[in-house]
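Coordinates in review
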Amino acid sequence: MRFATAVNMIALFLASGREVFIGATTHSRGPISFACFTGPRDAVDTRRDRLRPAPLHAQSDGLTSDDPPRTIYTLDDASFPPPDPALLATVVRRHIRGLPTYLRQRPVSAHTADAYRRLACFLDTSRPGWRDGGMVLDAGCGTGRSSRLLGEKYPDKIVVGVDRSISRLRRDGEYRRDADDGTPLRPYGDGSDNVFLLRADLEDFYRLAATELPDDGPVRLHAHYLLYPNPYPKPRRHKNRWHFHPVFPLILALGGEKIVVRSNWRGYCEQFGDCVILASTLARVSPIRSVDDGVLREENWAAPYESSARIGPRRLHPEDGKAAMTNFEKKFIDCGEPIYELELERCEREEIGGLA
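Residues numbered from 1 in each chain as written. Predicted model: local features only at pLDDT ≥ 70, side-chain atom pairs only at ≥ 80, totals over all residues. Heavy atoms only, no water.

1. Description of the nonpolar core
Selection rule: Among buried residues, the Ala, Val, Leu, Ile, Met, Phe, Trp, Tyr and Cys ones that are joined through side-chain atoms within 4.5 Å form a nonpolar core. To sort residues, take the accessible area from a 1.4 Å probe on protein chains only and compare it with the maximum for the residue type: under 20% means buried, over 50% means exposed, and anything in between is partly exposed. The contact definition used throughout considers only heavy atoms, calling two residues in contact when any of these lie within 4.5 Å.
With 59 residues, the main nonpolar core has Phe205, Tyr206 and Val276 as its most contacted residues. Not counting the four nearest positions on each side in its chain, Tyr206 is found in contact with Leu137, Ala139, His224, Leu226, Trp242, Val247, Leu250, Ile251 and Leu254. By size, the runner-up hydrophobic cluster in this structure holds 14 residues, among which are Val136, Tyr225, Met325 and Phe332.

2. Some words on the packing of aromatic side chains
For the record, the criterion: The criterion for an aromatic pair is that two Phe, Tyr or Trp rings (for Trp, the six-membered ring) have centres within 6.5 Å, with stacked assigned to planes under 30 degrees apart, edge-to-face to planes over 60 apart and tilted to the rest. Elements are defined by DSSP. Helices are runs of H or I of four residues or more, strands are runs of E of two residues or more, and each kind is numbered from the N terminus.
What the rule picks out here adds up to 9 aromatic pairs. Centre to centre, the rings of Phe122 and Phe196 are 5.5 Å apart; their planes meet at 65°, and the pair counts as edge-to-face. One end of the pair, Phe122, is in helix 3 (residues 110–126); the other, Phe196, is in strand 8 (residues 195–199), and 74 residues separate them in sequence. Residue Phe196 is classed as buried on the basis of its relative accessible area of 3%. Geometrically, the ring pair formed by Tyr206 and Trp242 is edge-to-face, given 5.7 Å between the ring centres and 80° between the ring planes. Of this pair, Tyr206 sits in helix 7 (residues 202–210) while Trp242 is found in the loop between strand 9 (223–227) and helix 8 (248–253), placing the two residues 36 residues apart along the sequence. In this structure Tyr206 comes out as buried when scored by relative accessible area, which is 0%. We classify Trp242 as buried; its relative accessible area is 14%. These aromatic residues form a ring-pair network of at least three members: Tyr73, Tyr228, Phe328 and Phe332.

3. Some points on the environment of Arg70
Tracing the backbone shows Arg70 in the loop between strand 4 (50–51) and helix 2 (85–105). Through-space distance from the C-alpha of Arg70 to that of Cys335 is 9.7 Å; in sequence the pair is 265 residues apart.

4. Re the side chain of Ser280
Assignment of secondary structure puts Ser280 in helix 9 (residues 266–285). With near-sequence residues (within four places) excluded, Ser280 lies in contact with Asn300, Ala302, Ala303 and Glu306.

5. Focus: the pattern of salt bridges
Between side chains of opposite charge, a pair can form as their charged atoms come close. Worth spelling out the cut-off: We define a salt bridge as a contact between a side-chain nitrogen of Lys or Arg and a carboxyl oxygen of Asp or Glu at a distance within 4 Å.
In the structure shown here, the tally under the stated rule is 13 salt bridges. Between Asp76 and Arg70 there is a salt bridge; the shortest N-O distance is 2.3 Å. For Asp76, a relative accessible area of 17% corresponds to the buried category. Between Arg106 and Glu203 there is a salt bridge, with the nearest N and O atoms lying 3.8 Å from each other. You can see Arg106 sitting in the loop between helix 2 and helix 3 and its partner Glu203 sitting in helix 7, a full 97 residues away along the chain.

As structure tokens, then:
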């Protein structure tokens, strides 16, 4: 930060009555760098001149007691404005109408196809009927903490945690110990024989699970968890969000009694719900057409979740008594960061077909 800029920022913060802390570092080449921090004194690490992951509650900025606190992890619509509704509609319409083309033209990664085949063969033998509502998907499971907790919550279901990072998966002791034999999935060794970890690309996993192959039937989930996906808050990266991705219709096609999305950014959950509503509306007008061998049926996959999507996300509180599902969630709870959940419950009373 330049000296003149630092002086101007300090003057503004002092005028607002906030405490200001200044850190300065010198470099062997180049000018002195300044860093300005505001907030409680215990939020500043004097050894490293940076903020600790401690709460920076902004109650002194005119927030009421009903407003959520702000921390160094806070994402909100004020800092990252939501996309224009017309853009949301355009993207959802393009992905619904272009899904058959996407499935034909984009190849599936070899390691994901191999991992999915191994999983399917193992479960077909050991857990017949897993395809028809017998599986809980933990999408982007990270180290597998959430998968283990979901295994305890659904003891009669198969819980599959999918993540593309082998380094994150290997943080789990059981996976790290047995992953060298080339097997891409490992049950936990702590008695949770219904939990599996899978290294795979999620977009390809969705394709393999949701499409009807000549020898395999499609998977219909019991529940689907998207816990703290990368929100890609910057506008130029909005296409990386799951509700902006071409596989978004397949996320809905996999079904489930509920789809659960959690984030520390309320706007992310709201955008996800808005895209579900748009997908339901657009599918009634322009339903998805089948691909080649009838891979995809004409169906409005979003309709069963439209009612829940209109309710929107709710804020979760630590006093709810729920254990932190992920490492991210634990970090957010520890520092007072608000967390939100969008729970899309399947409603059979909704119009499912959407065809004339």
